[in-house]
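Structural overview for review
The lines below spell out each chain.
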Protein chains: 2
Amino acid sequence: MSQTYEKLQPYLDKSQALGAALALFSWDNETLAPKGALERTAKIMGTLSMELYNTIMNPEVRALLVELREADDLTAIEAKVVKDLWKQYEQMEKIPPEEYQEFSELSAQSGAIWAKAKQTNDYSVFAPTLAKVIEFNRKFAGYRAKEGQKLYDVLLDDFEEGFTMEKLDAFFGKLREEIVPLLKKITEKGQVVDKSFMRKEYPIAKQREFNQFLAEYIGFDFNIGVTGDAEHPFTNGLHNRDVRFTNHFHEDNLESAIFTTVHEGGHGIYEQGVSDEISETPLGGGASMGMHESQSRFYENIIGRSEAFWTPIYGKLVETFPEQLAEVDLDTFIKAINYAEASLIRTESDELTYCLHIMIRYEIEKRIMDGSVEVDELPQLWNQMYEEYLGVTPPTDAEGVLQDVHWSMGSFGYFPSYALGNAIASQLYNQMLKEMNVDELLLAGNLAQIKNWLKEHIHQYGQLKNTDEMLIATTGEPFNADYYVAYLKEKFTKVYGL
Amino acid sequence: MSQTYEKLQPYLDKSQALGAALALFSWDNETLAPKGALERTAKIMGTLSMELYNTIMNPEVRALLVELREADDLTAIEAKVVKDLWKQYEQMEKIPPEEYQEFSELSAQSGAIWAKAKQTNDYSVFAPTLAKVIEFNRKFAGYRAKEGQKLYDVLLDDFEEGFTMEKLDAFFGKLREEIVPLLKKITEKGQVVDKSFMRKEYPIAKQREFNQFLAEYIGFDFNIGVTGDAEHPFTNGLHNRDVRFTNHFHEDNLESAIFTTVHEGGHGIYEQGVSDEISETPLGGGASMGMHESQSRFYENIIGRSEAFWTPIYGKLVETFPEQLAEVDLDTFIKAINYAEASLIRTESDELTYCLHIMIRYEIEKRIMDGSVEVDELPQLWNQMYEEYLGVTPPTDAEGVLQDVHWSMGSFGYFPSYALGNAIASQLYNQMLKEMNVDELLLAGNLAQIKNWLKEHIHQYGQLKNTDEMLIATTGEPFNADYYVAYLKEKFTKVYGL
């Protein structure tokens with residue numbers, strides 16, 4: 001190891017330990033901690049977060065990084081660690097500390113203001129705060145922009161390196177051209193699928209039993225992972241040998257917990273698949289939001305909604321709920337879990353329409369960042385786009401422009417990751433199909449081979465490589481949205497017999 | 001706040017945050033963490049522990065403490081924080097760092113060596129290590145001893161401030177004089193209590209339900225506390241608003257989980273009762289091991305084995321297990337939970353004989369520390385004392401001198417705390433009886449008043465006052481073993497109709 005890098009190591013160890021502690025506190029807060037603890041524990045987490053920040057952002061580490069950027073004896077992993085840390089310095093140092101402080105104070109309150117606006121369905125409560133959040137984000141992006149770089153491109157790059165508006169316009173353009181008309185056709189056909197059996201009474205203990213089986217079945221390793229209950233499902237990892245995800249069981253909903261298991265299980269399998277060597281460095285998480293989402297969506301949608309996946313295990317589900325599913329055959333079940341319908345709320349939308357929800361947010365964020373839309377005009381623009389692309393109009397702002405928390409936190413450029421995840425999943429799937437007979441494996445209940453393929457090409461690397469690097473190495477080309485569009489068209493044309 | 005103390009505050013905040021993180025990791029390791037995580041997580045905990053140590057033990061904090069020891073504008077809490085921290089410095093600074101390092105390396109292995117010796121019932125495997133551990137402890141105590149202070153007194157003071165051999169000789173002397181003959185009488189009477197109903201099949205889900213009720217009933221507050229399952233029961237607290245204890249349920253044992261609940265619940269009620277003002281400082285734990293044990297033993301034995309306690313709730317226990325307890329009336333139940341019998345293993349012993357197990361360890365530790373017994377002679381000395389005081393002889397060293405982990409960790413002077421806890425509980429109980437009709441409160445199911453009395457006199461202070469200070473303030477006199485001896489004699493004379 002480089003002698004200078006050796007001097008960096010204690011800082012990295014400490015930041016990893018503090019990061020793991022914070023991850024454990026987050027898990028514990030959502031799953032177990034007593035209610036009366038939250039306020040005191042929040043202070044403790046604040047102290048640890050500040051300590052984590054100071055462990056990396058300080059003059060000693062900065063000096064080491066300056067030296068290490070010139071070093072020629074670093075391993076690939078070490079070089080990537082140095083590169084990523086330096087990027088943090090560059091970004092922080094371009095923003096005047098007093099402005100950053102102001103923004104931090106604003107964001108400490110903006111979430112609560114948004115929540116109140118949503119709860120009371122009153123956009124005017126949130127608008128002035130949103131305007132300030134946007135102003136800070138535009139200003140900070142301006143400080144950080146390279147010459148000629150557009151503001152929104154600066155933000156997009158934070159979430160997915162190298163993914164600019166040019167790339168995303170092409171991506172979302174294809175979705176608009178192909179998926180909007182497809183959805184119109186489906187809507188016009190007016191075929192109704194009876195999903196009422198999903199809302200019978202399904203005792204939670206039995207659901208738990210089946211979902212435990214399901215998580216193991218898809219490949220989540222309980223020797224290095226656990227599951228728990230929380231209000232909102234999420235996955236987090238202390239390191240690659242301690243990965244956790246939560247579920248939320250509803251007695252009157254069979255599919256909710258099942259698709260949470262395959263979705264969060266997909267995230268979990270990714271984190272468990274990071275190599276030990278990488279997991280011990282700051283590169284131990286997933287490559288990006290988009291890549292992470294590609295793994296959860298791969299398991300949730302491409303695998304988890306397929307007939308081949310359910311053929312060997314549907315019997316077990318029926319055995320678990322013999323009365324509730326007595327008259328539901330596999331075909332009916334598959335139709336029900338692939339039902340597509342335009343709707344208002346992103347988080348409740350189906351596989352087909354999900355990307356259109358994201359497309360709308362992308363288009364709006366673009367205009368926010370280039371200054372061509374005012375905060376006051378957002379509700380109207382939102383509703384107009386929902387009408388145009390999904391054919392539905394939000395009756396209230398709570399079900400419209402106020403539905404997502406992201407903007408209140410200043411997370412502009414985040415939404416596209418969700419759609420990119422789906423598209424990356426399709427691109428990987430397309431390659432996988434060339435190398436193995438996926439349906440045959442699914443029919444045989446052999447999911448290990450699929451997991452191993454993902455581990456070999458994606459999971460093991462953590463954040464060592466970025467999305468395009470892994471896509472090129474795995475599929476021979478960079479990100480290409482065509483596979484996603486083709487996948488959706490083929491699947492839903494078939495499901496709806498168009 | 002003193003300006004100098006204000007400079008100390010960030011160090012205290014950081015050490016509290018790291019301490020809470022370590023407490024959470026400990027809890028999580030014992031209750032939930034996946035097996036495969038332990039090795040990596042141990043490294044992370046090692047990093048955090050080292051960080052915690054360095055947060056307090058460093059030249060900046062030392063300089064602040066030197067200044068603060070002379071300050072005259074400190075509150076009582078601040079002054080106690082400074083006093084306790086300075087004590088840590090004094091003790092650490094008297095031990096040569098390289099010797100401390102050697103001892104740390106030894107203790108990292110000694111536990112495993114002890115475990116192997118116990119498992120294979122081979123004292124000779126452990127003896128050389130034990131000899132080294134003893135040598136270090138004697139040497140370190142020697143460095144730390146004040147002029148004329150005996151080595152064992154140095155160690156005893158670590159666990160209970162001000163409790164010297166002079167005090168403890170008097171304490172254990174009374175036990176020897178009074179309890180040993182009492183036990184002989186009981187043994188001679190040969191009265192057998194049929195406890196077999198305790199070992200019927202008690203479904204764990206039902207036990208869980210009753211123990212949840214029981215924890216709340218005695219006053220453990222689930223708004224600021226949680227319970228969990230672990231191999232070995234323990235209590236830990238992140239702070240006064242997040243206190244946790246574990247249980248271990250056995251399907252063939254009704255009383256094990258019940259008395260774990262009242263014991264650990266007693267520890268938990270203590271931690272929950274510390275005032276907010278104290279909990280936010282390094283004084284937030286219990287005053288001492290002995291005082292902590294007094295609270296758990298008070299709930300477990302004095303309250304939890306009394307007829308008045310069970311009278312209002314025994315019906316609920318029978319309702320929970322109607323078949324198993326169909327023919328067990330309250331009187332039979334009370335006799336069963338107060339059965340006394342000489343036995344070999346401390347952790348499984350009853351209320352009467354427990355203190356004799358401790359007395360034997362105290363006598364042996366004294367001789368170890370004054371050098372009057374060699375390591376090789378310990379098994380023989382152990383067996384001889386068990387024969388003399390309890391009338392039983394360990395058939396193997398695993399059931400004798402090897403049964404406890406404490407000596408392998410160098411914890412000499414720790415054992416007496418267990419017996420002191422029982423005695424402190426009796427002294428407090430004696431005072432409580434003067435101020436309220438405890439039996440009447442128990443019969444009415446009003447445990448809040450008992451808890452509030454303990455909170456007012458003991459719990460709220462955390463480590464602000466030491467044991468004798470609280471005993472004097474509460475009972476008008478320092479520690480006095482007479483109440484404990486009288487309590488045991490009265491109770492067991494009555495139970496056994498002597």
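Overview of the structure.

Here's the deal with empty space enclosed by the protein
Empty space among the atoms becomes visible once a probe the size of a water molecule is rolled across them. All names here are of chain A. Per the counting criterion, the structure on display carries 7 cavities of 30 Å³ or more. By volume, the largest cavity is sized at about 50 Å³. Every residue lining the largest cavity is listed: Trp114, Phe126, Trp382, Val401, Gln403, Asp404, Trp407, Ser408 and Phe415.

Let's talk about helix α18 (residues 415-435) of chain B
Helix length check: α18 of chain B, at 21 residues, gives a terminal C-alpha distance of 32 Å against a target of 30 Å (1.5 Å per residue), a fit within 8%. For α18 of chain B, the buried fraction is high: 17 of the 21 residues fall into the buried class.

Brief notes about helix α3 (residues 59-70) of chain B
All names here are of chain B. Here α3 is 12 residues long and its end C-alpha atoms lie 17 Å apart, about the 16 Å a rise of 1.5 Å per residue gives. Taken together, the buried positions of α3 are Val61, Leu64, Leu65 and Leu68. All buried residues of α3 lie within an arc of 105° about the axis, which places them on one face of the element. Seen from the open side of α3, the exposed residues pointing more than 90 degrees away from its buried face are Pro59 and Glu70. The N-cap of α3, judged by a side-chain oxygen 3.1 Å from the amide nitrogen of Glu60 a few residues on, is Asn58.

Digging into the relation of the copies chain A and chain B
Between the two copies, chain A and chain B, the superposition gives an RMSD of 0.0 Å; the rotation angle is 180° and the shift along the axis is 0.0 Å. In the structure described here, the two chain copies are related by an operation that fits a two-fold rotation axis. Residues of chain A ranked by C-alpha distance from the rotation axis are headed by Ala21 of chain A, positioned 3.0 Å from it.

Here we look at the environment of Pro282 of chain A
Residues and elements named next belong to chain A. Looking at the secondary structure, you find Pro282 in the loop between α11 (276-279) and α12 (289-303). Residues Pro282 and Gln463 lie 181 residues apart in sequence; the distance between their C-alpha atoms is 8.4 Å. Among residues more than four places away in sequence, those in contact with Pro282 are Leu12, Val81 and Gln463.

Side note on the nonpolar core
In this structure, Phe171, Phe298, Phe309, Trp310, Leu317, Phe333 and Ile450 of chain A are the most contacted members of the largest nonpolar core, which totals 125 residues. Here Phe298 of chain A is in contact with Ile303, Gly304, Ala425, Tyr429, Met432, Ile450 and Leu454 of chain A, once residues within four sequence places are set aside. Leu156, Phe171, Ile313 and Leu344 of chain B belong to the second-largest nonpolar core, a separate cluster that totals 124 residues.

Quick notes on the sheet that holds strand β3 (residues 242-247) of chain A
All names here are of chain A. What the 3 strands build is an open sheet, ordered β1-β3-β2; its pairing is mixed. The sheet terminates laterally at β1 (225-229) and β2 (235-239), the two strands that pair on one side only. Here the average twist between neighbouring strands, direction ignored, is 20°. Bridge count between β1 and β3: 5 bridges; the pairing is parallel. When the bridges of β3 are listed, Asp229 appears paired with Asn247.

Some thoughts on the pairing of β3 of chain A
Residue and element names in this part refer to chain A. With 6 of 6 residues buried, β3 lies mostly within the body of the structure. Of the two faces of β3, both are covered, the one formed by Asp242, Arg244 and Thr246 as well as the one formed by Val243, Phe245 and Asn247. With antiparallel pairing between neighbouring strands as the criterion, β2 and β3 make up a hairpin whose turn holds 2 residues.

Looking at the packing of α18 of chain B against helix α21 (residues 467-475) of chain B
All names here are of chain B. The geometry of α18 relative to α21 is characterised by a closest axis approach of 10 Å and an angle of 20° between their N-to-C directions. By the angle between their directions, the pair α18 and α21 is classed as roughly parallel. The handedness of the crossing between α18 and α21 comes out as left-handed. Residue-level inspection shows Ile424, Gln427, Leu428 and Gln431 of α18 in contact with α21, the latter providing Thr467, Leu471, Thr474 and Thr475. Tallied by class, the residues present in the contact of α18 with α21 amount to 3 nonpolar, 5 polar and no charged.

Observations regarding the interface of chain A and chain B
Opposite the 37 residues of chain A that make contact, chain B presents 37 residues. Three residues, Leu24, Pro34 and Arg40 of chain A, lead the burial of chain A against chain B; their summed loss comes to 21% of the area buried on that side. A salt bridge links Arg244 of chain A to Asp28 of chain B, with the shortest nitrogen-to-oxygen separation between them at 2.5 Å. If you look at where chain A meets chain B, you find 12 residue pairs in polar contact (both at pLDDT 80 or more). Looking at the side of chain A that touches chain B, the elements that each hand over two or more residues are α1 (3-31), α2 (38-56), β1, β2 and β3 of chain A. Looking at the side of chain A that touches chain B, the element that brings in the most residues is α1 of chain A, giving 11 residues. Partitioning the side of chain A that touches chain B into residue classes produces 17 nonpolar, 9 polar and 11 charged.

Brief notes about the environment of Met45 of chain B
Residue and element names in this part refer to chain B. You can see Met45 is positioned in helix α2 (residues 38-56). Along the chain, Met45 and Glu456 lie 411 residues apart, while their C-alpha atoms are 35 Å from each other. Beyond its immediate chain neighbours, meaning those up to four positions away, Met45 contacts Leu22, Phe25, Ser26 and Asn29.

Reading guide: rules and limits
- Within any chain, residue numbers begin from 1 and follow the written order of that chain's sequence.
- Think of it this way: whatever chain is written first is A, whatever ligand is written first is 1, and the rest follow in order.
- Owing to the predicted nature of the model, reporting of local features is limited to residues with pLDDT of at least 70; listing and counting of side-chain atom pairs is limited to 80 or more, with chain, interface and lining totals taken over all residues.
- Derived side-chain values reflect all non-hydrogen atoms in the structure, with water molecules and hydrogen atoms excluded from consideration.
- With a 1 Å grid laid over protein atoms only, a set of points is called a cavity when a 1.4 Å probe fits there but cannot get out and a pocket when it is open yet has protein on both sides within 12 Å along at least five of seven lines; lining residues have an atom within 4 Å of a point.
- Grid points are joined across faces, edges and corners, and a volume is the space filled by probe spheres set on the points.
- Working definition: helices are DSSP H or I runs of at least four residues, strands are E runs of at least two. Numbering for both runs from the N terminus.
- How far a helix is expected to stretch is found by multiplying one less than its residue total by 1.5 Å.
- Accessible area is worked out with a 1.4 Å probe on protein chains only. A residue is then buried under 20% of its type maximum, exposed over 50%, and partly exposed in between.
- What the arc describes is the spread of directions from the helix axis to the C-beta atoms.
- Counting of polar contacts relies on pairs of N or O atoms within 3.5 Å, with two restrictions inside protein: one atom must be capable of donating a hydrogen and the other of accepting it, and residues adjacent in sequence are counted only when both atoms are side-chain atoms.
- Alignment of copies: least-squares fit on C-alpha atoms of residues with pLDDT of at least 70 in both copies.
- Any two residues whose heavy atoms approach within 4.5 Å are treated as being in contact.
- Grouping buried Ala, Val, Leu, Ile, Met, Phe, Trp, Tyr and Cys residues that are joined through side-chain atoms within 4.5 Å yields what is termed a nonpolar core.
- Strand pairing is assigned whenever DSSP identifies at least 2 bridges connecting the two strands.
- Here, axes are lines fitted to C-alpha atoms. For helices the fit covers the stretch in contact, and angles between N-to-C directions go from 0 to 180 degrees.
- Roughly parallel here means an angle under 35 degrees, roughly antiparallel means over 145, roughly perpendicular means 65 to 115, and every remaining angle is called oblique.
- The handedness criterion is simple: a crossing whose near helix is rotated anticlockwise from the far helix by less than a right angle is left-handed, and one whose near helix is rotated clockwise is right-handed.
- Charged residues are taken to be Asp, Glu, Lys and Arg, nonpolar residues to be Ala, Val, Leu, Ile, Met, Phe, Trp, Tyr, Cys and Pro, and polar residues to be all remaining types, Gly included.
- Summed over both partners, the accessible area lost on bringing two parts together, with a 1.4 Å probe, is the buried area.
- When a carboxyl oxygen of Asp or Glu lies within 4 Å of a side-chain nitrogen of Lys or Arg, that pair is called a salt bridge.

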